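A look at the structure
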Amino acid sequence: MKVMKFGGTSVGKPERMHHIAGLVSNESEPVIVVLSALSGTTNALVEIGDAIARGDRNGAKQSIDKLEAHYQAFIKDLVKNDTSLAKAKAIIAEHFEFLNIILKISFSEALSKDILAQGELLSTKLFCTYLEEQGKDHLLLPALEFMTIDHYDEPQIGSIKVKLTQLLQQHKGTKIFVTQGYICRNARGEVDNLKRGGSDYSASLIAAAINASVCEIWTDIDGMHNNDPRVVKKTVPIEQMSFDEAAELAYFGAKILHPASIWPAQTYKIPVRLLNTMEPKAKGTLITEEAGSVGVKAVAAKDNIIAIRIKSSRMLLAYGFLRKIFEVFEKYRTPIDMITTSEVAVTLTIDSDLHLNDILKELEPFGTTEVDKNQVIISVVGNEISQTEDIIKKLFGSIVNIPVRMVSYGGSPHNISLLTDAGHKVQILQQLNKGMFGLE
Ligand code: ADP
Ligand code: ASP
Ligand code: MG
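Notes on the structure follow. (Residues numbered from 1 in each chain as written. Chains lettered and ligands numbered in written order. Predicted model: local features only at pLDDT ≥ 70, side-chain atom pairs only at ≥ 80, totals over all residues. Heavy atoms only, no water.)

1. Some thoughts on the overall build of the protein
Here is the rule we go by: Numbering of helices and strands runs from the N terminus; a helix is a DSSP stretch of H or I covering at least four residues, while a strand is a stretch of E covering at least two. For a compact globule the rule gives 2.2 Å times the number of residues to the power 0.38, and the radius of gyration it is set against comes from C-alpha atoms. For every residue, the accessible area obtained with a 1.4 Å probe (protein chains only) is divided by the maximum for its type, and the residue is called buried under 20%, exposed over 50%, and partly exposed between those limits. It only takes one pair of heavy atoms within 4.5 Å for two residues to be counted as in contact.
Within the protein one finds 14 helices and 16 strands. For a compact globule of 440 residues, the expected C-alpha radius of gyration is about 22 Å, and the protein comes in at 23 Å, within 12% of that figure. With respect to the three principal axes, the spread of C-alpha positions in the protein is 75 × 50 × 40 Å. When the 440 residues of the protein are sorted by exposure, 52% land in the buried category. Nonlocal contacts in the protein, meaning residues at least 24 apart in sequence, comprise 76% of its contacts between residues at least 6 apart.

2. Description of unusual backbone geometry
If you check the backbone angles, Y182 has positive phi at about 75 degrees while not being a glycine. One can find Y182 in the loop between strand 4 (176-180) and strand 5 (183-185). The phi dihedral of N304 is positive, around 55 degrees, even though this residue is not glycine. One can find N304 in strand 11 (residues 295-311).

3. So, the site of ligand 2
Note the following rule: For each residue, the test is whether any non-hydrogen atom lies within 4 Å of the molecule or strand; if one does, the residue is near. Contacts described as polar in this section are N or O atom pairs within 3.5 Å, which, within protein, must combine one atom able to donate a hydrogen with one able to accept it, while residues neighboring in sequence count only if both atoms come from side chains. Here, Shrake-Rupley sampling with a 1.4 Å probe gives the accessible areas, and only protein chains in the shown set may cover a residue.
Taken together, the residues surrounding ligand 2 are S36, A37, T42, E120, Y182, R196, G197, G198 and S199. In the environment of ligand 2, an oxygen atom lies 3.2 Å from a nitrogen or oxygen atom belonging to the side chain of S36. The contact in question runs from an oxygen atom of ligand 2 to an N or O atom on the backbone of G198, over 3.4 Å. When ligand 2 is considered free in solution it has 260 Å² of accessible area, and contact with the protein chains removes 85% of it.

4. Here's the deal with the state of the cysteines
Put simply, the test is: Two cysteine sulfurs form what is called a disulfide whenever their separation falls within 2.5 Å.
As enumerated under the stated definition, the model contains 0 disulfides in all. The thiol sulfur of C184 is not disulfide-bonded, and the nearest other cysteine sulfur, from C215, lies at 17 Å. The buried category is assigned to C184, whose relative accessible area is 0%. Look at C215 and you get buried, because its relative accessible area is 1%.

5. Looking at the nonpolar core
Let me state the cut-off plainly: Throughout, nonpolar core names a set of buried Ala, Val, Leu, Ile, Met, Phe, Trp, Tyr and Cys residues whose side chains join them through atoms within 4.5 Å.
If you look at the biggest cluster of nonpolar residues, it comprises 98 residues, and the most contacted ones within it are V3, F6 and F127. Counting residues in each nonpolar core, the second largest holds 18 residues, with V231, I378, L395 and I402 among its members.

6. Here's the deal with the pairing of strand 11
Convention followed: Pairs of strands are assigned from DSSP output, requiring at least two bridges between the strands.
Counting buried positions over the 17 residues of strand 11 gives 12, a clear majority of the element. Direction of pairing for strand 11 relative to strand 14 (residues 368-383): antiparallel, over a ladder of 13 bridges. Looking at the pairing, I308 lines up with V371 of strand 14. Pairing of strand 11 with strand 13 (residues 345-350), which is carried by 6 bridges, proceeds in the antiparallel orientation. Opposite K311, over in strand 13, you have A345 as the bridge partner.

7. Here we look at the pattern of salt bridges
Convention followed: Just to be clear on terms, a salt bridge is a Lys or Arg side-chain nitrogen sitting within 4 Å of an Asp or Glu carboxyl oxygen.
Throughout the structure, instances matching the rule amount to 21 salt bridges. Between D153 and K195 there is a salt bridge whose closest N-O contact spans 3.6 Å. With D153 in the loop between strand 3 (138-141) and helix 7 (157-169) and K195 in the loop between strand 6 (191-193) and helix 8 (199-210), this pair connects stretches of sequence that are 42 residues apart. Judged by relative accessible area, K195 falls into the partly exposed class, the value being 48%. Here K302 makes a salt bridge to D351, at a shortest N to O gap of 2.9 Å. Within this pair, whereas K302 is found in strand 11, its partner D351 is found in the loop between strand 13 and helix 12 (356-363), the two being separated by 49 residues in sequence. A relative accessible area of 9% means that K302 is categorised as buried. Given a relative accessible area of 31%, D351 falls into the partly exposed group. One salt-bridge network, in which partners are shared between bridges, spans K2, E27 and E216.

8. A short note on the packing of aromatic side chains
Note the cut-off: Aromatic rings from Phe, Tyr and Trp, taking only the six-membered ring of Trp, are treated as a pair when their centres fall within 6.5 Å; an angle between ring planes under 30 degrees marks them as stacked, one over 60 as edge-to-face, and anything in between as tilted.
Evaluation of the coordinates by the stated rule reveals 6 aromatic pairs. Ring centres 5.1 Å apart and planes at 90 degrees place the aromatic pair Y251 and F252 in the edge-to-face group. Owing to a relative accessible area of 29%, Y251 belongs among the partly exposed residues under this scheme. A residue is classified by how much of its surface remains accessible, and F252, at 7% relative accessible area, is buried. Centre to centre, the rings of F321 and F366 are 5.8 Å apart; their planes meet at 85 degrees, and the pair counts as edge-to-face. Here F321, found in helix 11 (residues 321-331), pairs with F366, found in the loop between helix 12 and strand 14; they are 45 residues apart in sequence, far enough to count as distant. Neither F321 nor F366 differs from the other in exposure class; each is buried. Following the ring pairs from residue to residue traces out a cluster consisting of Y71, F74 and F96.

9. A few points about the site of ligand 1
Heads up, the condition is: The nonpolar class holds Ala, Val, Leu, Ile, Met, Phe, Trp, Tyr, Cys and Pro. Asp, Glu, Lys and Arg form the charged class, and all remaining residues, Gly among them, are polar.
With respect to spatial proximity, 16 residues lie near ligand 1, and among them K5, T219, D220, H225 and K255 are the closest. Contacts to ligand 1 include T219, whose side-chain N or O atom sits 2.7 Å from an oxygen atom. The separation between an oxygen atom of ligand 1 and a polar main-chain atom of I256 is 3.4 Å. Look at ligand 1: alone it shows 570 Å² of surface, and the protein chains cover 87% of it. Across the shell around ligand 1, the residue classes tally to 5 nonpolar, 6 polar and 5 charged.

10. So, the side chain of D228
In this structure, D228 sits in the loop between strand 7 (215-219) and strand 8 (240-242). On the basis of relative accessibility, which here comes to 9%, the residue D228 falls in the buried class. Engagement of the side chain of D228 in a polar contact is seen with the side chain of R230, the distance being 2.7 Å. Contacts of D228, omitting those with residues within four sequence positions, involve T235, V299 and L429.

This is the structure we're talking about:
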């Protein structure tokens, strides 16, 4: 059994849904199809939730109506016969009625998650309506029946495995299973999600849970590229990389993969393939335990980084000092991305300001703190790159004109990271493209 995940643009137009219906029914083994919401939907739902939260019910109503009109137009080209159209209309009516009811009741965090879930619920039900019209045997597996997270928002892989296996065993002959990416239930039993871009994570978790032959992530580009194609003109796809390399790239900003989407596949040794829905014959990127080659493969940028410097001449390098600092971040469940130390100061970076004020307050006894917001981490990723000849010369040689605030080298053999002001991001990615990959 394999997993095939299709992102927002892959389901965003009726003809794309037709196309992916063709792709999933051509498979020789049974498939679990994981779908995102149609492109633009989750952004619209975020907007609706925000408008309701700030009491702007008119604004929210307008956004709901606009989104509904989009779906009404979508289904006209999705299905042909009247029965299917009536079914599709009923699906839209059900979900938009729900959004309109939410407008009338008092807002809560839990309700905002319910709003966000509507996108994946709609896309999967509409896709199934089309499969039904085409006479293709299939089954909708509701993600809310098996995808769960614990009190710390961590997926419960053990129970996902048990529940999913039971569901699949009840429908042994079925070839096409369809389920929602992104959405899940939390420890309180409420509807929740795996954070933006989380359908990749759902796919990897499902692949791990069922011990899939492969986890295919179908998107709008032919695999992981050597640089961010949204920023740099000439980029090229990478044929093969290791789980470690892919995890570094996903975590450090390569948007094609959700930051946490690699570990389930890696832990359960499921190969991951990144493929292009618009160009299904293109090779894409294969991600396995094997890196395939040595040397630098790609660079990525992680935005919205905050650097915190803690300066203390008295006790910095005394043992136990770093532990006390780390405990503050642990208390607020805030991961540290980069760290450098000197005799009198330690600087570290975080990617969320959610608990920044509390963290700074608790750091006060350890020395003076300085905070720099609007930073960006640039990561150079590859296999054994720290041992690659001339790497440092090439790396710094290509960005001599750009001030670098921090460097992390040797933490992993697959990554060298730099911290710089966000304003330098575009220039640094472009110059690295030329200096490290010879691409302009
Ligand atoms: P989906 O909706 O299918 O999940 P995403 O928009 O989340 O798709 O991810 C695909 C996009 O990721 C591409 O269109 C591309 O612009 C962006 N991207 C950023 N960095 C990279 C990279 N290194 N390689 C490939 N794509 C990247
Ligand atoms: N629809 C969700 C989002 O836009 C999840 C996903 O597409 O992966 O973030
Ligand atoms: Mg995505």
